[in-house]
Amino acid sequence: MAHPLLENVDIETQTINAIRFLSADAVERAGSGHPGAPMGLAPVAYTLWMRHLRHSPEAPQWPNRDRFVLSAGHASMLLYSLLHLTGYDLSMQELKNFRQWGSKTPGHPEAHLTAGVETTTGPLGQGFANGVGMALAEQLLADQFNTAEHEIVDHHTYALVSDGDVMEGIAQETASLAGHLGLGKLVYLYDDNRITIDGGTDLSFTEDVGQRFEAYGWHVQRVDDANDLDAVDLAIEEAKAETDRPSIIAVRSHIGYGSPNKQDTAGAHGAPLGEDELRRAKEALGWPADETFYVPEAVYDHMRAAVDDGQALQTDWEEKLEAFQNDHPEKAAEYKRWMRRTPPEGWEKALPTFEAGEQYATRKASGITLNDLAPEVGYLVGGSADLTGSNKTDVDGRTDFQKDNPGGRYLRFGVREHAMAGMSNGMALHGGLQPYAGTFLIFSDYLRPSLRLSALMEQPVVYVFTHDSIGLGEDGPTHQPVEHLMALRAIPNLTLIRPADANEAVEAWKAAVTNTDGPTALVLTRQKLPVLDRSRLAPAQGVQRGGYVIQDTNGSPDVILIGTGSETQHTLVAADALADDGIAARAVSMPSWELFETQSETYRRTVLPPEVTARVSIEAGVTQGWERYVGDDGVALGVDRFGASAPGEQVMKKYGITAEHVADAARKLIG
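Residues numbered from 1 in each chain as written. Predicted model: local features only at pLDDT ≥ 70, side-chain atom pairs only at ≥ 80, totals over all residues. Heavy atoms only, no water.

- Where an unreviewed UniProt entry is consulted, the chain appears under the name Transketolase, with the organism given as Longimonas halophila.
- Of the comments in the UniProt record for the chain, the one headed Catalytic activity (unreviewed entry) reads "D-sedoheptulose 7-phosphate + D-glyceraldehyde 3-phosphate = aldehydo-D-ribose 5-phosphate + D-xylulose 5-phosphate".
- Quoted straight from UniProt, the Subunit (unreviewed entry) entry for the chain says "Homodimer." (UniProt positions renumbered as here; feature names shortened; annotations may be inferred.)

Written out as structure tokens, the structure is:
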């Protein structure tokens, strides 16, 4: 039986208020969180979810579902309330455990944790970029697999974005590119509540957002009242009808709607309303003030129609997929393989082998490998942030994806590193693609927040970072990464691989394509390196173990020399020089700390026997961190200051990145 207060209240109003107060009650119980946005946006979210969103709560990963991104991730309780009410695997107890240890309702949504959460948001602007990537993935896959008779990829991407989102640079980068590409199945609802943490947006933000998006090439609409469900509904319908441009709908809402003292103030943004104010808000909106986490049965009945509706949508799609499979069995098999991100059998045989005596920059070897790899692994799709020729990320035979060329498979991100990484996350999250993204290593700083989220979300994005050290030379210290290798290694769940030569670069790509549990950073040289003579050295397959003994001289080692990337060659030359002096030296190639640390302790002790304490590492970057492998008695050679503008070989010599320096350090260690 309905509560007496609600007997004459229509079901949509009941549902919207249930969303509002589930959110506010959870924040109050947790003692922290953001009640204001869910209270203001509940009508907008309700309209989208109940009148437009095609999803299946009992099959959250149904491939052809519409994607919903809560870019304003601080409003997480809005999303959790929607998931709970529509029948996802998110219990009332989980709502009550908001922000508590072990719950599925963390303070900001986490895609790898909670069913129905499409992406991890909270850092503002990231969800905005992810949604653009999802819409791009939908269009790429639709062009690849749809036929005149069979549309198996056909869905929209929606997002709720905030004032803070549209202020962020990453959102501006991706909005510009989305408009250029004409991503017509992208619909964003902009929560124009005019409040930020500091107060009114007019403290720092007085531009006309609509005009800005019109300049980007978006379809722009305005709704004056978030509580006008029909106006919101009509605007979404019109946005869906606009197929040549992405759409944004600016909706005027009231943060903390219903709160007598905190509505339209920063006080409703990032803290609980307080028991008394929350009670007043419930009274103001005709909600049972003595109830917490209250949901009328009629609301459950209304919202959980999404379960049956979703099953029907999914069944209809599965019938279409079966018909597609009957008519196009090979193409259907390929679609399923792409969605699993599984390379075809024997794909490694297509990869190149480089002969000793030749010289290749590892960026060039990477490009050659990618060109052999891409035809085998078609779902590997990406591009560069305006550095294609430098990053070697283009693929022969692939044209550019453009508004008038949806069959293109190469992505021109422009000078938008952060957008590139955020969109790549969205492409990976969508499924069916493994994106790669190219830029200089120095500009990993420009995209680091998105790369960090790649790792947090366990998404298999491949980052192609070239120009990896002071060895790039004349461009000088502004373009010479020094601290970046260690900064990237500090990110949990990121696998960084810095190959020593062309054949190690091939193995690095093999590791990247098979790493399905997180991102991989390939760190590559501009300068040429000798292809190491594997007839006298260990095979390059050792890359798969992160670190391996590449050469031993004179039996059991007196000293261990450890190198990465372009510096590994110096450990080999130094080992030979030490052997001439009667010193047994072991050279270890260590392209990936992360892969090495996943090996058994027995293996790691075999490569770096603990009894051999005389150790020298060399890497053209900061030495911080190398104590992990050289210990207290060893020496880490590197670059603990900024670089310099001069020919790369000269800069390397001036900074002591030479075989002679390695050999001298080893001699001093062993006396």
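### Considerations on the sheet that holds strand β12 (residues 462-466)
Each strand in a sheet pairs with its neighbour through backbone hydrogen bonds, running either in the same direction (parallel) or in the opposite one (antiparallel).
Argument step 1. Taken in spatial order, the six strands line up as β10-β9-β11-β12-β14-β13 in an open sheet, and their pairing is parallel. Only two strands of the sheet have a single neighbouring strand rather than two, namely β10 (410-412) and β13 (495-497). For this sheet, the mean inter-axis angle between neighbouring strands, taken without regard to orientation, is 20°.
Argument step 2. Where β13 and strand β14 (residues 520-523) come together, three bridges link them in parallel fashion. Bridging from a neighbouring strand, T495 pairs with T520 of β14.
Argument step 3. Packing against the sheet, helix α19 (residues 502-514) makes contact with β9 (380-384), β11 (434-440), β12, β13 and β14, and its axis sits at approximately 165° to β14. (Pairing = 2+ DSSP bridges. Helix = DSSP H or I, 4+ residues; strand = E, 2+ residues; numbered from the N terminus. Axes fitted to C-alpha atoms, helices over the stretch in contact; angles between N-to-C directions. Contact = heavy atoms within 4.5 Å.)

### Quick word on the UniProt feature "site: Important for catalytic activity" (unreviewed entry) in the chain
Argument step 1. The sites that UniProt annotates as "site: Important for catalytic activity" (unreviewed entry) are H34 and H269. Of the residues just listed, which span 236 residues, no C-alpha pair is farther apart than 5.4 Å, and they cluster in one region.
Argument step 2. Among the structural elements, H34 can be located in the loop between α1 (11-30) and α2 (36-51).
Argument step 3. What H34 contacts, discounting residues up to four positions off in sequence, is V27, H74, R99, H269 and G270.
Argument step 4. Its place among the elements puts H269 in the loop between β7 (247-252) and α10 (275-284).

### Here we look at the packing of helix α20 (residues 568-580) against helix α25 (residues 659-670)
Argument step 1. Put simply, α20 and α25 touch, their axes get as near as 8 Å, and they point 50° apart. Taken together, the axis directions place α20 and α25 in an arrangement best described as oblique. Between α20 and α25 the crossing geometry is right-handed. Contact residues: α20 offers H570, V573, A574, A577 and L578, while α25 offers A659, V662, A663, A666 and R667. (Parallel < 35°, antiparallel > 145°, perpendicular 65-115°, else oblique. Left-handed = near helix turned anticlockwise from the far one by under 90°.)

### Some remarks on unusual backbone geometry
Argument step 1. A positive phi is found at R341, a non-glycine position, where the angle reads about 55°.
Argument step 2. Position of R341 relative to the elements: it lies in the loop between α13 (329-340) and β8 (359-361).
Argument step 3. Classification of R341 as buried rests on a relative accessible area of 18%.
Argument step 4. Despite not being glycine, D386 has its phi angle at roughly 65°, a positive value.
Argument step 5. Positionally, D386 belongs in the loop between β9 and α15 (388-391).
Argument step 6. Relative accessible area serves as the criterion here: at 54%, D386 is assigned to the exposed category. (Buried < 20%, exposed > 50% of the residue type's maximum accessible area, 1.4 Å probe, protein only.)

### Let's talk about helix α12 (residues 305-327)
An α-helical segment advances 3.6 residues per turn. Residues three or four places apart therefore align on the same side.
Argument step 1. A rise of 1.5 Å per residue sets the reference length of α12, with its 23 residues, at 33 Å; its end C-alpha atoms lie 34 Å apart and thus fit the reference within 8%.
Argument step 2. Contact partners of the buried residues in α12: α5 (126-145), α11 (297-303) and α13. (Expected span 1.5 Å × (residues − 1).)

### Some details on the UniProt feature "binding site: thiamine diphosphate" (unreviewed entry) in the chain
Argument step 1. Annotation from UniProt places "binding site: thiamine diphosphate" (unreviewed entry) at H74, G122, P123, L124, G164, N193, H269 and F443. With the annotated positions falling across 370 residues, the maximum pairwise C-alpha distance of 34.4 Å shows that they are not confined to a single cluster.
Argument step 2. Given a relative accessible area of 26%, L124 falls into the partly exposed group.

### Some points on the sheet that holds strand β19 (residues 615-618)
Argument step 1. The five strands are arranged β16-β18-β17-β19-β20 in an open sheet whose pairing can be described as mixed. Every other strand in the sheet has two partners, leaving β16 (548-552) and β20 (635-637) as the edge strands with one partner each. Here the average twist between neighbouring strands, direction ignored, is 20°.
Argument step 2. Inspection of the sheet shows strand β17 (residues 559-563) paired to β19 by four bridges, in the parallel sense. Each residue of the ladder has a partner; that of G563, found in β19, is I618.

### Considerations on the environment of A332
Argument step 1. In this structure, A332 sits in helix α13.
Argument step 2. Note on A332: relative accessible area 1%, which makes it buried.
Argument step 3. With 10 residues separating them in the primary sequence, A332 and E322 have C-alpha atoms 8.8 Å apart.
Argument step 4. Once residues lying within four places of it in the same chain are set aside, the contact partners of A332 are F324 and Q325.

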